[in-house]
Amino acid sequence: MAGLKMEGPSAPALRRDPYEVLSVSKDSSDQEIKTAYRKLALKYHPDKNASNPEASELFKEVAYSYSILSDPEKRRQYDNSGFEALDADGMDMEIDLSNLGTVNTMFAALFSKLGVPIKTTISANVLEEALNGTVTVRPLPLGTSVSGKVEKQCAHFFGVTISDEQAESGIVVRVTSAAQSKFKLLYFEQDVNGGYGLALQEDSEKTGKVTSAGMYFLHFQVYRMDTTVNALAMAKDPEAAFFKRLEGLQPCEVSELKAGTHIFAVYGDNFFKPATYTIEALCAKSYEDTTYKLKDIEALILRKRNELRQFETEYRKALARFQEVTNRYSQEKQTVDELLKQRDTIHSTFTVARSVITAGGSGHFSNGSSSKFPSEDFKADSPGEDSSSDSKDKSGKKKWFNLNLKGSDKKV
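Every value quoted in this text rests on a predicted model; they were computed, and no experiment measured them. (Residues numbered from 1 in each chain as written. Predicted model: local features only at pLDDT ≥ 70, side-chain atom pairs only at ≥ 80, totals over all residues. Heavy atoms only, no water.)

1. With respect to the packing of helix α3 (residues 53–69) against helix α4 (residues 72–81)
And then number 1: Close contact between α3 and α4 brings their axes to 6 Å; oriented N to C, the two are set at 100°. Between α3 and α4, the interaxial angle falls into the category roughly perpendicular. In contact with Ser67, Ile68 and Leu69 of α3, α4 contributes Lys74, Arg75 and Tyr78.
And then number 2: Counted by class, the contact of α3 with α4 contains 3 nonpolar, 1 polar and 2 charged residues. (Axes fitted to C-alpha atoms, helices over the stretch in contact; angles between N-to-C directions. Helix = DSSP H or I, 4+ residues; strand = E, 2+ residues; numbered from the N terminus. Parallel < 35°, antiparallel > 145°, perpendicular 65-115°, else oblique. Contact = heavy atoms within 4.5 Å. Nonpolar A, V, L, I, M, F, W, Y, C, P; charged D, E, K, R; others polar.)

Dropping the structure here:
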């Protein structure tokens, strides 16, 4: 991640030849390309071009061109087949959301509170002072730590001097903040003009009760976790958040340091307040077991990432099938409920205990209830029965209704 990079998903609509954009030739060395990029990135940096809307587009174009020429494989693909090879490879560039004016700065800050990490560019003043070599560099001996407070959009620079033996063993530089401040850990390379050019940057991440960032130069491919990968998609889709989580593991561009003095910096990355921090530099020789564990665990993570890519395909298919059967379950349940309801309705029609409208429209009767003309109705239905039985029924009803509730039999 050399130089000043931009974050996001789109390249310039009209693309010019990257060599032309950076004003370098096709046989230019990596260092010449890097130097040209740093100068142009500073020239078109949003901090220095607040009143020039075209500068932000040029800034993106410069960053996009450098993202091609700084990567050996992408540079080879472009040299052989142009942009078509890169498009086929699905190359993305990055877009900066901050330092484009007060409104966008506030938007980035508020957006971060929603749980989506937003990367910010480093102040043009800090980068320019570093390139000019006018920054104050404090010594940071190996095996020691320094605490401090850096103002927002400013940086504290530290020089770590290592011997050949220490360089061979490997170096670790870490920064932590117990106050959970937002900061960047920066690594600068010596520039041809005597200053320092930004080569690596790590944004602080919350781990437990602190925020931290680290750089590991251990002579094998080390990785950095970029949490902004598909951050928006992840925020909207929790399932995607799981499957994309390991996609943020990206190879670091620098895995070893040579003997000499190396420049690191802690940058205050909060929009509104200073960052408190503790920076420490360590020689990996005292942490050999830990170093091997890191190498092994990152290998496991990379293997798991490949497994998850395959599993996601299986999971999506199973999820689609589950959704299909779930929808059918709901439909079948609704159908069964409706059929049983219709069945109950039909069952309820098999009864004589219901109201009937007569031809005259005035007579109603129900089974077991009295009507206006009980004796006539009964005779009409049962003409063969004599009046005596009818009389007995009436007598029984009379006794029932004249029952002496106080226990007297005289009135029966």
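2. What about the packing of aromatic side chains?
Aromatic rings in a pair are described by how distant their centres are and how their planes are angled relative to each other.
And then number 1: According to the stated counting rule, one finds 12 aromatic pairs in the structure shown.
And then number 2: Ring centres of Tyr37 and Tyr66 lie 4.0 Å apart, and the angle between their planes is 5°; on these two criteria the pair is classed as stacked. Placement of the pair is Tyr37 in helix α2 (residues 30–43) and Tyr66 in helix α3, with a sequence separation of 29 residues. The burial state of Tyr37 is the same as that of Tyr66; both residues are buried.
And then number 3: Residues Tyr187 and Phe217 carry aromatic rings whose centres are separated by 5.7 Å and whose planes lie at 55° to one another, so their mutual orientation is tilted. (Phe/Tyr/Trp six-rings, centres within 6.5 Å; stacked < 30°, edge-to-face > 60°. Buried < 20%, exposed > 50% of the residue type's maximum accessible area, 1.4 Å probe, protein only.)

3. A short note on the environment of Asp191
And then number 1: Relative to the elements of secondary structure, Asp191 occurs in the loop between β5 (183–190) and β6 (196–203).
And then number 2: Separated by 60 residues in sequence, Asp191 and Leu131 place their C-alpha atoms 7.1 Å apart.
And then number 3: The residues contacting Asp191, other than those within four sequence positions of it, are Thr35, Arg38, Leu131, Tyr196 and Gly197.

4. What about the confidence of the model for the chain?
Reading predicted coordinates in detail is not appropriate for stretches of low pLDDT.
And then number 1: For the chain, mean pLDDT is 78; residues scoring 70 or higher make up 71% of the total.
And then number 2: Here residues 90–114 scores under 50 on pLDDT; set against residues more than four positions off or in separate chains, the count is 53 contacts.
And then number 3: Of the regions scoring below 50 in pLDDT, residues 361–383 engages in 9 contacts with residues more than four places distant in sequence or in other chains. (pLDDT = per-residue confidence, 0-100.)

5. A short note on helix α7 (residues 124–132)
And then number 1: The complete set of buried residues in α7 reads Ala124, Val126, Leu127, Ala130 and Leu131. Down the axis of α7, the buried set is contained in an arc of 165°. They therefore lie on one face. Turned more than 90 degrees away from the buried face of α7 sit Asn125 and Asn132, all of them exposed.
And then number 2: If you follow the buried residues of α7, they end up packed against α2, β3 (155–162), β5, β6 and β11 (260–268).
And then number 3: N-cap assignment for α7: the residue whose side-chain oxygen lies 3.2 Å from the backbone N of Asn125 is Ser123. (Arc of directions from axis to C-beta. Polar contact = N/O pair within 3.5 Å; in protein donor to acceptor, adjacent residues only side chain to side chain.)

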